[in-house]
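Read off the chains here:
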Amino acid sequence: MDDKLVTIAIHTYQKALILKTMLENEGIDVCLHNVNLIQPVVSSGVRVRIKESDLPRALEFIENSELWKEDMEPKVKTEQTAEILIPIDFSEYSVQACALGFDFAKEIEAHVVILHAFFTPFFPNSISLGDTFAYQTVNEEETILMQNEAEEELDKFSANIKEKIEKGEWPDVPYSVILRNGLPEEEILNYSKEHKPNLIVMGTRGKTQKDIDLIGSVTAEVLDSVKTPLFAIPEKTPFSRFSDIKRIAFGTSFEQNDLIAIDTLFHMFQSYSIEYYLFHITQKHDDAWSEIKLAGIKEYFAKQYPQLTLHYDIIDGSDYLLNVEKFIRDQQIDVISLCTRKRNIFARLFNPSMARKMLFHTDTPLLALHS
């Protein structure tokens, strides 16, 4: 029986071609899917596919490859000023993300950075297995035109922000705008590594959008990899101020990392009047053990945070997405918060995180806290 093909990664055409060359150098057969046959270089969601039998070897190679490894050296943030990063794509939900980002920046006296990334296609001039890759642009005039259009849109967006501030609709906080050339999710992650913002606020589509619109969602890709707290704002979010948030639910798995994330959450909203709902998703056969753990958590939080209003609930895990939505409606939850963890490529491919699933199955804002 023939080996079936599996997708090992999704990249721009240039990066997919580099990975293909490197894997084939290891003796692994590779094919690229979703390539624009007329202009391959403009393809931005190219799937790198291999035989299923080669998967363990390919995963090991990618995890150990310096090119695909995340820079683990901590970078010191030179400035002490708090910073809110708001990536935008000029959509209506980008405006909504800005409204919340500016509001929170006023509360914590932060500087706002508005980032837009536009993708200019290019292709490798020569493929090398060294540290650098030479490339050339497809069409210099076309690249300049795309950059000029992005600059014009960014100027319009900035003028809109200035108008809202002058009218008193948004608070007057310091802000700057940045334009970068590259794949949006990669540029957001790179900026986050370089500058260590306190919070990323991003708009995202709601659950009524077609599945095809959700595949490769920038917010989902950033959520899976970023270490900065990320606040994902669906387009139908009913509030534009943090003071409108009254109830936050945090999903706990009773792990040590959750305590760190919850402490981050409490400090983030310490100046607001919030009711917190801690919920745990479990299967019926684990109910008794979950109740025991929940009792321990209650006792711990009663001692650590006596000033907070805390509620606790257990959610049936048989259809947890549906049951969480019911829980959100019944308790009138304004924000769902979850702890995310950096996971290897195998886990991201075959076991999407709960945070990612929630991002695509609810219209409730999602606050992801890395631990």
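Residues numbered from 1 in each chain as written. Predicted model: local features only at pLDDT ≥ 70, side-chain atom pairs only at ≥ 80, totals over all residues. Heavy atoms only, no water.

**Q** So what about the sheet that holds strand β11 (residues 247-251)? Which residues, and what values?
**A** Sheet architecture is open: ten strands sit in the order β8-β5-β4-β9-β10-β15-β14-β11-β12-β13, paired in mixed fashion. Since the sheet does not close on itself, it has two edges, and those belong to β8 (175-181) and β13 (309-316), each with one partner. Across the sheet, the axes of successive neighbouring strands diverge by a mean angle of 25°, strand direction being ignored. Strands β4 (83-87), β5 (111-118), β8 and β9 (199-204) of the sheet are contacted by helix α5 (residues 184-195), whose axis makes an angle of about 130° with β8. Along the sheet, helix α7 (residues 218-225) makes contact with β9, β10 (230-234), β14 (335-340) and β15 (366-370), crossing β9 at roughly 150°. (Pairing = 2+ DSSP bridges. Helix = DSSP H or I, 4+ residues; strand = E, 2+ residues; numbered from the N terminus. Axes fitted to C-alpha atoms, helices over the stretch in contact; angles between N-to-C directions. Contact = heavy atoms within 4.5 Å.)

**Q** Before we move on, can you summarise the side chain of S158 with the specific residues and values?
**A** Among the structural elements, S158 can be located in helix α4 (residues 140-166). If sequence neighbours within four positions are ignored, S158 has contacts with Y175 and V177.

**Q** Requested: an account of the side chain of D258, with residues and values cited.
**A** Tracing the chain through its elements places D258 in helix α8 (residues 256-268). Exposure remark for D258: the relative accessible area of 2% places this residue in the buried category. A distance of 2.9 Å separates polar atoms of two side chains, one belonging to D258 and the other to T252. A distance of 2.7 Å separates the side chain of D258 from the backbone nitrogen of S253, its partner in a polar contact. (Buried < 20%, exposed > 50% of the residue type's maximum accessible area, 1.4 Å probe, protein only. Polar contact = N/O pair within 3.5 Å; in protein donor to acceptor, adjacent residues only side chain to side chain.)

**Q** Got a sec to walk through the environment of I200? Specific residues and values, please.
**A** With respect to the helices and strands, the residue I200 is situated in strand β9. It is 8.4 Å that separates the C-alpha atoms of I200 and A232, two residues lying 32 residues apart in sequence. In this structure, I200 is in contact with L85, P87, I188, S192, V226, T228, P229, L230 and F231, ignoring residues within four places of it in sequence.

**Q** Can you break down the nonpolar core residue by residue, with the values?
**A** Ranked by internal contacts, the top residues of the largest apolar core, which has 50 residues, are F102 and F269. With eight residues, the top contributor of residues to this core is helix α3 (residues 92-108). Sequence-distant contacts of F269, that is, excluding residues within four places in its chain, are made with F242, I245, I248, I274, Y276 and L367. Judged by nonpolar contacts, the second largest core, of 25 residues, contains L85, I200, Y277 and F279. (Core = buried A, V, L, I, M, F, W, Y, C linked by side-chain atoms within 4.5 Å.)

**Q** Run through the pattern of salt bridges, naming residues and quoting values.
**A** Scanning the entire structure with this criterion turns up nine salt bridges. A salt bridge links K167 to E163, with the nearest nitrogen and oxygen atoms 2.9 Å apart. Put simply, R180, E187 and E194 are held in one network by salt bridges that share partners. (Salt bridge = Lys/Arg side-chain N within 4 Å of Asp/Glu carboxyl O.)

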